[in-house]
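Observations on the three-dimensional arrangement
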Amino acid sequence: GRTICEKLLSEGCEVISLSRRAADIGHPRMHSVESDLMDRAATLQAAAEVAKKFQVNTLVHNAGVIRGALLPEVKLDDLDALVDLHLGSAIALTQAVLPTMRAQRFGRIVLMSSRAAVGAVTRTSYSATKAGMMGMARTWALELAPEGITVNVVAPGPIRTDMFYDVIPAGSERERALEASIPVRRIGESADVARAVSFFADPAASFVTGQVLYVCGGTSVGS
């Protein structure tokens, strides 16, 4: 998330971050709103406040929680939580900023899915909701294309983030084995994802909509 914000700032965008923690990016065009996107009421309130204060024409929904479990241990409460985060908050935020996009006849919506959407052990709730984002984006792309609004999806594979290291210990044999299994023989960096988001968010990318870009080092085909 931080790297995406920095990338968009470097391209001249005014950026509003919605996160549980304030963004520690000191930049005159950086605005921070603290909100938990797993809290439906808080998300709706934050979305309304942002839409009232800013003329938002680009939305990047970069949020994710795993809640991993093998099928016998999957908890429906976890599924509900991930539906709210991955799908519900994306809908709420998009609905809030859509009037501005329609008025401007321009908009860019980028949803962050995952390579796990095509299947991953222990990822029942995560894979299901991240795959749901793809279907949702395709539907929105069809609905909004005549109004100059594109909707696309970035689906990262293994990326060195805090969430990655919550699952795989840094410097572990498991990390080395994963790296060796990736066709390009490295784990992805945040900048790899930010570049993909930047492409979809570019005003010039007006002929690309309803697409999923796997930023995964080849794991979506190599595994």
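Up top is the structure these notes are about.
What counts and how
Starting from 1, residues in each chain are numbered consecutively following that chain's sequence as written. For this predicted model, a pLDDT threshold of at least 70 governs which residues receive local features, and a threshold of 80 or more governs which side-chain atom pairs are given and counted, while totals over whole chains, interfaces and linings are taken from all residues. The basis for the side-chain values is all heavy atoms of the structure; hydrogens and waters are excluded. What counts as a helix is a DSSP run of H or I of at least four residues, what counts as a strand is a run of E of at least two, and both are numbered from the N terminus. The globule rule used for comparison is 2.2 Å times the number of residues to the exponent 0.38, while the radius of gyration itself is calculated over C-alpha atoms. Relative accessibility decides the category of a residue: with a 1.4 Å probe and only protein chains considered, values under 20% of the type maximum give buried, values over 50% give exposed, and everything between is partly exposed. Note: two strands are recorded as paired if DSSP finds a minimum of 2 bridges between them. What counts as an axis is a line fitted to C-alpha atoms, over the stretch in contact for a helix, and the angles between N-to-C directions run from 0 to 180 degrees. Working definition of a nonpolar core: buried Ala, Val, Leu, Ile, Met, Phe, Trp, Tyr and Cys residues. They are joined through side-chain atoms within 4.5 Å. Whether two residues touch is decided by their heavy atoms; if any such pair falls within 4.5 Å, the residues are in contact. Both cavities and pockets are sets of points on a 1 Å grid over the protein atoms alone; in a cavity a 1.4 Å probe fits but cannot get out, in a pocket the set is open with protein on both sides within 12 Å along at least five of seven lines, and lining residues sit with an atom within 4 Å of a point. Grid points are joined across faces, edges and corners, and a volume is the space filled by probe spheres set on the points. Any two cysteine sulfur atoms within 2.5 Å of one another count as a disulfide. Stacked, tilted and edge-to-face pairs are distinguished by plane angle, under 30 degrees for stacked and over 60 for edge-to-face with tilted covering the rest, among Phe, Tyr and Trp rings (Trp via its six-membered ring) whose centres lie within 6.5 Å. For this quantity, the arc is that covered by the directions from the helix axis to the C-beta atoms.

Section: the overall build of the protein chain
- Of regular secondary structure, the protein chain possesses 8 helices and 6 strands.
- The order of α-helices and β-strands along the protein chain, N terminus first, is α-β-β-α-β-α-β-α-β-α-α-α-β-α.
- Relative to the 2.2 N^0.38 estimate, which gives 17 Å for 223 residues, the radius of gyration of the protein chain is 17 Å and therefore close to what a compact globule would have.
- Summarising its shape, the C-alpha atoms of the protein chain cover approximately 50 × 35 × 35 Å along the three principal directions.
- A burial count over the protein chain gives 43% of its 223 residues as buried.

What to know about the sheet that holds strand 4 (residues 107–112)
- Spatially, the 4 strands line up as an open sheet ordered 3-4-5-6, and their pairing is parallel. Strands at the two margins of the open sheet, each flanked by one partner only, are strand 3 (58–61) and strand 6 (212–215). Strand-to-strand twist across the sheet, computed as the mean angle between neighbouring axes with direction ignored, equals 15°.
- Of the pairings in the sheet, the one linking strand 4 to strand 5 (residues 149–156) comprises 6 bridges and is parallel in character. Across the sheet, residue G107 finds its bridge partner in strand 5, namely I149.

As for the nonpolar core
- Formed by 30 residues in total, the largest nonpolar core has its most connected members in I109, L111, W140, L144 and V151.
- Only helix 2 (40–53), helix 3 (76–104), strand 4, helix 4 (124–144) and strand 5 provide two or more residues apiece to this core.
- Those residues in contact with L144, other than ones at most four positions away along the chain, are L98, R102, I109, I149 and V151.
- Grouped together as the second largest cluster of nonpolar side chains are 18 residues, V15, I25, V193 and A194 included.

Some points on empty space enclosed by the protein
- Within this structure, the stated rule accounts for 1 cavity of 30 Å³ or more.
- Here the largest cavity defines a volume of roughly 40 Å³.
- Taken together, I66, R67, G68, A69, V74, K75, D78, T122, R123, T124, S125 and Y126 form the lining of the largest cavity.
- Per-element tally for the lining of the largest cavity: the top contributor is helix 4, with 3 residues.

Some points on the state of the cysteines
- Scanning all chains against the criterion turns up 0 disulfides.
- Just so you know, C13 is unpaired, no disulfide at all, and the nearest cysteine sulfur is the one on C5, 10 Å from it.
- The exposure class of C13 is partly exposed, given its relative accessible area of 32%.

So, the packing of aromatic side chains
- Inspection of every chain in the model, using the stated rule, returns 2 aromatic pairs.
- Note on F164 and Y165: the rings are 4.9 Å apart at their centroids and 85° apart in plane angle, and the pair reads as edge-to-face.
- Judged by its relative accessible area of 29%, Y165 is partly exposed.
- Taking the centre distance of 5.3 Å and the plane angle of 50° together, the rings of F199 and F200 count as tilted.
- The class of F200 is buried, set by a relative accessible area of 3%.

Details of helix 1 (residues 2–10)
- For helix 1, the set of buried residues is I4, C5, L8 and L9. Along the axis of helix 1, the buried residues cluster in a sector spanning 135°; they form a single face.

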